[in-house]
Amino acid sequence: MSLIFPRLAQNFIKNGYFPTDEVTLARILQALDIGGGQLRILDPCCGEGTALAEVKHHLVQCGASVVANGIEFDAERAWHAKGTHLLKALYAACAVTVGEDKEKSYALKLRNVFSPYEGRMGRLARRQSTSVKAKVAVTRAGGAKLSAEFSNHTNKPEDVKVTGEPAWKKSELASAYIPVKEMLAHAPGFLATAAKREIAFEEVYTDIIKRAFLPRLMGPTDKNRQRLLTALQKAIDGKVVAKGEHFFLKNQQGDLEFTLLAEGMRKLALVWLLIQNGTLLSGSILFWDEPEANLNPALMGEVVEVILELQRLGVQVFLTTHNYVLLKEFDLRKQKDDAIRYLSLFRDESGAVTSNASDSYLGVDPNAIASTFSDLYDREIKRGLGVIKV
Amino acid sequence: MTVLAEDDLQIVLPAGVVGRKFDDETSHGLSHCMKAVDFIVELEDRVLFIEFKDPENPNALQKDSAAFIKKFLGGQLDTDLKTKYRDSWLYEWAEGRAKKPIYYLVLIGSSALSDADLLARTDSLNRQIPVVGPGGGSWKKPFVAGCAVMNLATWNKTLPHIPASRVGL
C-alpha cells in the first residue's frame, strides 16, 4: 500500500493516461532484486512499455537474463506517440530560434519537450536490446539544416552532437505547440511550480501558457486576422481576458472562469489568444496535437475552418489526428488553393516507423482511421443482415 | 436468371430466385399516395426490399452528383429512404405478403463514399425506420429485420450471389 498512495499523489495525466511516475518507479526498482537466473516479466497494462523496460533494465543489472512481455489493449495509444514525437522534434527546432529558448541548445529543448525518464537523452532512441544510434534532422525551406545525434547510452543533452545550430538560429521561426491536454484552466501557479521542477510536465505545457500570456499585439489588426478573430469569437461566444494568471471568457453573461468551460471551448479560446497576441502570424508555425481531443464533434467543422483560415493567412500548421470526422472535415472544406498534405505513419516490415505522403485524403495509405471504420462497417452489415443464403 | 435494372444500375438474381420491380406506376397502383422501394426479391428465408440511388449515373450532371452526395451525407435523404421502406412494408403487409423477415438494402452507385460514410448512413437508417422498438427493446412484431446502405463494392462483398453492376459496363 505504501507504494500506492505516493503514486496517486504524484501521478499526472499525460496525453490522456497515467504513466508510472518516476518516484514510484524508482521505489519499485529499489524493492526488486534477483541473484541471477532467468526471468520472464509481464506488464498486463504496459502502455508504451516505459516502466516495463526500466524494470527489465534493472533486473538485467542485477544479473538476471530477462524476457519482458507487455500487453496494451489500446492500439491507438500504442501508435499515438509517433505523430506527437514528430511534432515535438519539429517544435523544438522552431522554439530554439526565438526568445528565451534561443539560449537553449536544440538537444536541451528536445529533452525538455519530450521529458524522458531522469532526463536521459538515450531514452529517446528506439528501444532495442543492442546499442542503437538516433538522429533527428530538420530541414527548412532555403536549405538550413539542424540535426542532433545520440545513442541509447547518451545521458546529458550536452553529450548530444548537434550540427548546424548557429546558422539555424539566424532566422527566427515563431511557433506554438498546442498539446492534447488543455492547460489555460490550470495556468494559475503552473509556471511557478514548473520553474521549481515540482511537476512532471513536458515543456510544451509551460511554453503554451507563456505564449497565451503574451500581451495583445499592438497596432491595427489586418482584415484577414480580424475576420478570423471574429469567427472564433462567434464560436466561443465571447473574448478571452486574463486577470493575473487566471483566464476568463468574457461575454454577455459576464466573466466565465476557464474551469467552467468545456475543454473544446478552451482550445478555441487559446487559438483566439494566439492570433490576437500575434503568436500566429504569417510565417509562423502552429503544431497542434490532436485538435479533436475533448472537442464536441459539432465544433469539429469550426476548428477545421480555423486551421484552414490560418493556413490561408500564411501560418504553417502541423497537426496529428486519429479522428475521422476531423480528416473528413478537411476533405470537405478544402478549397482549390488550400495546400494540405497528409502523412500516414506506419510500421514497415522491420518494425521501423515510416510514412507515406498524399495531397488528397483519398490517397492516404495506409489509413488506419478509415480501416477502423471499414472494420466497424463490415461488422455492422454482418449484424444487420446476417448470413444471406440464396 | 432475372436481371433487375434501374437506369444504369442492375442486380442479377440467380436461377430460381423471384424478384420484381415494385416501384412501377402501373403495377403498384398507389404511387399517388404511397412511396415504393425499387425492387422486392424473395429468398428462401427472407425478403429483400431494395432501393437504388445512382449519383454516378453516366447521364447525371457532375454538379447534380455532387449535390446528391452532399444531401446524402447530410442525412437529407434519410426521410425519403425511410418512407419508401415503411410504405412498401405497409403495402406488402396489407396485401398479405409480409410473411418472412424483411431486410432493407440501399445500393448507392457512388465510388466517392467511404465505409465511414456508409456506416453513418446505415446507423441513421436503423434509427429512422426504426429497427428497435420503444425503450430500445425489440418490437413484439418486428417490421424490419435489418438494413444496410452499401455501394457496389460492399454489395458484391456481402451478396456475391446477387451481383450488382453498372448496365453500361
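Now for a description of the structure that goes with this document. Since we're looking at a predicted model, the values are computed, not measured. (Residues numbered from 1 in each chain as written. Chains lettered and ligands numbered in written order. Predicted model: local features only at pLDDT ≥ 70, side-chain atom pairs only at ≥ 80, totals over all residues.)

The helix and strand tally for chain B stands at five helices and eight strands. Along the chain direction, N to C, the helices and strands of chain B fall in the order β-β-β-α-β-β-α-α-β-α-β-α-β. Taking the principal axes of its C-alpha atoms as reference, chain B extends roughly 45 × 40 × 35 Å. (Helix = DSSP H or I, 4+ residues; strand = E, 2+ residues; numbered from the N terminus.)

All names here are of chain A. The antiparallel open sheet is built from three strands, whose spatial order is 7-8-9. Looking at strand neighbours, the two that pair on one side only are strand 7 (239-243) and strand 9 (254-257), the edges of this open sheet. Recorded for the sheet is a direction-independent mean angle of 40 degrees between the axes of neighbouring strands. Here five bridges tie strand 7 to strand 8 (residues 246-251), and the two strands are oriented antiparallel to one another. Residue pairing in the sheet places Val-240 in a bridge with Leu-249 of strand 8. (Pairing = 2+ DSSP bridges. Axes fitted to C-alpha atoms, helices over the stretch in contact; angles between N-to-C directions.)

With that settled, the discussion passes to the pairing of strand 1 (residues 2-6) of chain B. Pairing of strand 1 of chain B with strand 2 (residues 9-13) of chain B, which is carried by five bridges, proceeds in the antiparallel orientation. Across the sheet, the residue bridging to Leu-4 of chain B is Ile-11 of chain B, located in strand 2 of chain B.

For the rest of this paragraph, the subject is the interface of chain B and chain A. In this assembly, 20 residues from chain B lie in contact with 14 residues from chain A. For the side of chain B that touches chain A, the elements supplying multiple residues, two or more each, are helix 4 (115-128), strand 7 (146-151) and helix 5 (152-158) of chain B. In terms of residue count, the dominant contributor to the side of chain B that touches chain A is helix 4 of chain B (five residues). Among the residues making up the side of chain B that touches chain A, the classes are represented as 11 nonpolar, six polar and three charged. (Contact = placed C-beta atoms within 7 Å. Nonpolar A, V, L, I, M, F, W, Y, C, P; charged D, E, K, R; others polar.)

Turning next to the packing of helix 9 (residues 223-236) of chain A against helix 10 (residues 263-276) of chain A. Residues and elements named next belong to chain A. Running from N to C, helix 9 and helix 10 point in directions that differ by 160 degrees, and their axes come no closer than 10 Å. Considered as vectors, helix 9 and helix 10 are oriented roughly antiparallel to each other. Here helix 9 runs over helix 10; the crossing is left-handed. Contacts between helix 9 and helix 10 pair Arg-225, Leu-228, Leu-229, Leu-232, Gln-233, Ala-235 and Ile-236 from the former with Met-265, Leu-268, Ala-269, Val-271, Trp-272, Ile-275 and Gln-276 from the latter. Grouping the amino acids of the contact of helix 9 with helix 10 by side-chain chemistry returns 11 nonpolar, two polar and one charged. (Parallel < 35°, antiparallel > 145°, perpendicular 65-115°, else oblique. Left-handed = near helix turned anticlockwise from the far one by under 90°.)

What follows covers the sheet that holds strand 3 (residues 133-139) of chain A. Residues and elements named next belong to chain A. If you walk across this open sheet you meet the three strands as 3-4-5, and the pairing is antiparallel. Each of the sheet's edge strands pairs with one partner strand only, and the pair in question is strand 3 and strand 5 (161-163). The mean angle between the axes of side-by-side strands here comes to 10 degrees, regardless of whether they run parallel or antiparallel.

To continue, consider the environment of Arg-46 of chain B. All names here are of chain B. Locating Arg-46 in the fold gives a position in the loop between strand 4 (39-42) and strand 5 (47-53). Exposure remark for Arg-46: the 17 C-beta atoms within 10 Å place this residue in the partly exposed category. Linking Arg-46 and Pro-101, residues 55 residues apart in sequence, is a C-alpha distance of 5.0 Å. Contacts of Arg-46, omitting those with residues within four sequence positions, involve Lys-100, Pro-101, Tyr-103 and Ala-145. (Buried ≥ 20, exposed ≤ 12 C-beta atoms within 10 Å, placed from the backbone.)

Another point: unusual backbone geometry. Cis geometry is found at the peptide bond from Asp-365 of chain A to Pro-366 of chain A, where omega equals -5 degrees. Take Pro-366 of chain A: it is sitting in the loop between strand 13 (353-358) and helix 13 (368-385). At the junction of Ile-129 of chain B and Pro-130 of chain B, the peptide bond is cis and its omega measures out at -15 degrees in the coordinates. With respect to the element layout, Pro-130 of chain B can be found in the loop between helix 4 and strand 7. For Ser-115 of chain A, which is not glycine, the phi torsion reads 50 degrees and is therefore positive. Tracing the sequence through the fold places Ser-115 of chain A in the loop between helix 5 (106-114) and strand 3. Overall, Ser-115 of chain A belongs to the partly exposed group, with 17 C-beta atoms counted inside 10 Å. At Glu-290 of chain A, a position not held by glycine, the phi torsion is positive, near 50 degrees. When you line up the elements, Glu-290 of chain A lands in the loop between strand 10 (285-289) and helix 11 (300-313).

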